[in-house]
Structures are given as C-alpha cells and as structure tokens.
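# Architecture at a glance
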Amino acid sequence: MKRLIRLPFLVAVALLAAGSVPVAAAHTRVRTPEPLGVTATAPVSAENARVGVLVRGGVHYCTASVVHSEGRDLIVTAAHCLTGSGSGGIEFVPGYRDGRAPYGAWAVARIYVGDGWKGREDEDSDVAFARVVSRGGEEVEDLVGGNRLVAGAGLSPVGEAVTVVGYPRARETPVACTNISTAYGGSQQRIECPGYSGGTSGSPWIDARGRVVGVLGGFQQGGATDDVSYSVVLGGEVAALYGEATSG
C-alpha cells in the first residue's frame, strides 16, 4: 500500500546459529528516543546515508537500506517492493536528497524473497534482500557503511523505541520518526508516526543501538493510513533468508 508513488527521479555475522542472525557492523550509537511520535526531515548523517530510494523506470517508488554483509553489497526492503510485474531494472540510490544522488545509483543484481512470499504473498513474509552491483571496484557498504540486522526466533523489538527512516510521497528528502513499537498479532509489529505515505515501504526500523529490527511492510503492505505503519517481526524465516543472501 505504501509503495505506490510517482515522483521524478533526478538524479551478525556470517553464522546462522540458535535461530538468530546478529549482523556485525562498524559502529553502534545509542539514539535518544525523544520526542516520540514526531515526524520530521531526517538530518544529513552517516547513518541516514545508508537509507535510500529504489528506482525503476526513472521513478522512485520504495525505500531500502544497506545492511552489513560479508560481500558488502546487500540491501534490505519489503518483498512487495522487489517483486511483481516490472521487477527488473531496479536501482538503489543511497542518501538521495533534493534530486541528487550523492553516492551514485547501484543496480540490483539479485533478489532474495522467502517461500511464503513467493507462494502466496504472505504478509508475514514481506521482507526481501537484494545484492547490488559494485561500481568501479567499490561495494555500496564500502561507501556508506551498513547497519546490523537482528533477526531470529524469539527476537522482537516490541515495546522498545525504534526510529523509522524513509521517503514518502511528494518529498525529495527522507523523514524520520521515533516511537515505541507495539505488537500486532503474533507475527507483526506496528508504530504510530504521522506522514508515512506511499514510497515509505521498505523503510528500516532502527533500534537505539543502530540495528535494523524491522522493515516497513507486512500488514496491508505497511498500512492503509499514513499515521500507523507495520513491519514483520524479523524471525527465523528472515534469518534464514539473510543467510541465503549472504552466502550468494
């Protein structure tokens, strides 16, 4: 639901153990989760440069972010952003802002989606990874860094403060909002933040330690209103999918 926008584009570990995947990254910095529930323009920062837009046919339509991997070439987004008709010819543009691509555009080379999404577009499987092509011998993570991904059986950030960074409709800059995540059923999580409209699908949910603990999507492809957004709880299926993506 939140993927459909029409904007001009100018332009841890390598182990899968105990059902969880903590992904190593260079730095972690604790964020102060205040004020809560307020959406504002995301500041220019090294961390926010890891978040960018997905572009197809000259139009940016979803959000994605770089996650740490051994190959240093991996992004995460919602599965509904990378599948369906016209899923070829996608590029990732990290740090997109005001019509500029300060870190270039990176072609998506291979897409990884779970069996639940492949078979029936199960909203509990609405997470995907993609590997991007190196540019001039450099990988995307070499340039902007990568957030750690935390996924596995029994792991959930529900009840903790998370920051969601993404690119909504009719904006040329990303927005950010921090609030407390709450449970939605047994396999989804939700957050109340205004202004997360079309284009924010795939936005990373980042905890106080700088780890990706959710991806905007899931229920109603991220939510039917701009004020409440959803994510799959990153459980064992996502951990296994991450392992597949990192192993190539």
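Reference entry: report on the structure contained in this document. The structure presented is a predicted model; accordingly, all values stated were derived computationally and were not measured. (Residues numbered from 1 in each chain as written. Predicted model: local features only at pLDDT ≥ 70, side-chain atom pairs only at ≥ 80, totals over all residues. Heavy atoms only, no water.)

## A closer look at the packing of aromatic side chains
Under the definition given, this model contains 3 aromatic pairs. Ring centres of Phe-129 and Tyr-242 lie 5.8 Å apart, and the angle between their planes is 65 degrees; this geometry places the pair in the edge-to-face category. Within this pair, whereas Phe-129 is found in strand β9 (residues 128-132), its partner Tyr-242 is found in helix α3 (residues 236-247), the two being separated by 113 residues in sequence. Judged by relative accessible area, which is 2%, Tyr-242 ranks as buried. A cation over an aromatic ring shows up here: Arg-56 above the ring of Tyr-61, its NZ or CZ 4.3 Å from the ring centre. (Phe/Tyr/Trp six-rings, centres within 6.5 Å; stacked < 30°, edge-to-face > 60°. Helix = DSSP H or I, 4+ residues; strand = E, 2+ residues; numbered from the N terminus. Buried < 20%, exposed > 50% of the residue type's maximum accessible area, 1.4 Å probe, protein only. Lys NZ or Arg CZ within 6 Å of the ring centre and 35° of its normal.)

## What to know about the state of the cysteines
Throughout the structure, instances matching the rule amount to 2 disulfides. Covalent S-S linkage joins Cys-62 and Cys-81, the inter-sulfur distance amounting to 2.1 Å. With the S-S dihedral at roughly -75 degrees, the linkage between Cys-62 and Cys-81 falls on the left-handed side. With Cys-62 in strand β5 (residues 59-67) and Cys-81 in the loop between β6 (74-77) and β7 (90-94), this pair connects stretches of sequence that are 19 residues apart. Both residues of the pair, Cys-62 and Cys-81, count as buried. Covalently, Cys-177 is tied to Cys-193 through a disulfide, its sulfur atoms 2.1 Å apart. Here the S-S torsion is close to -80 degrees, and the disulfide linking Cys-177 with Cys-193 is therefore left-handed. You can see Cys-177 sitting in strand β12 (residues 175-180) and its partner Cys-193 sitting in the loop between β14 (188-192) and β15 (204-206), a full 16 residues away along the chain. Accessibility assignment for this pair places Cys-177 and Cys-193 in one class, buried. Going through the protein chain in sequence order and numbering each bonded cysteine, the pairs you get are 1-2, 3-4. (Disulfide = S-S within 2.5 Å.)

## A word on the pairing of β14
By the criterion of burial, β14 is predominantly enclosed, with 4 of the 5 residues buried. Two elements, strand β13 (residues 182-184) and β14, share 3 bridges in a ladder whose sense is antiparallel. What sits directly across from Tyr-184, in β14, is Gln-188. From the end of β13 to the start of β14, which pair antiparallel, there are 3 residues, and Gly-185 there has a positive phi angle of about 65 degrees. Direction of pairing for β14 relative to strand β17 (residues 228-232): antiparallel, over a ladder of 5 bridges. From the neighbouring strand, Gln-188 faces β17, where its bridge partner is Val-232. (Pairing = 2+ DSSP bridges.)

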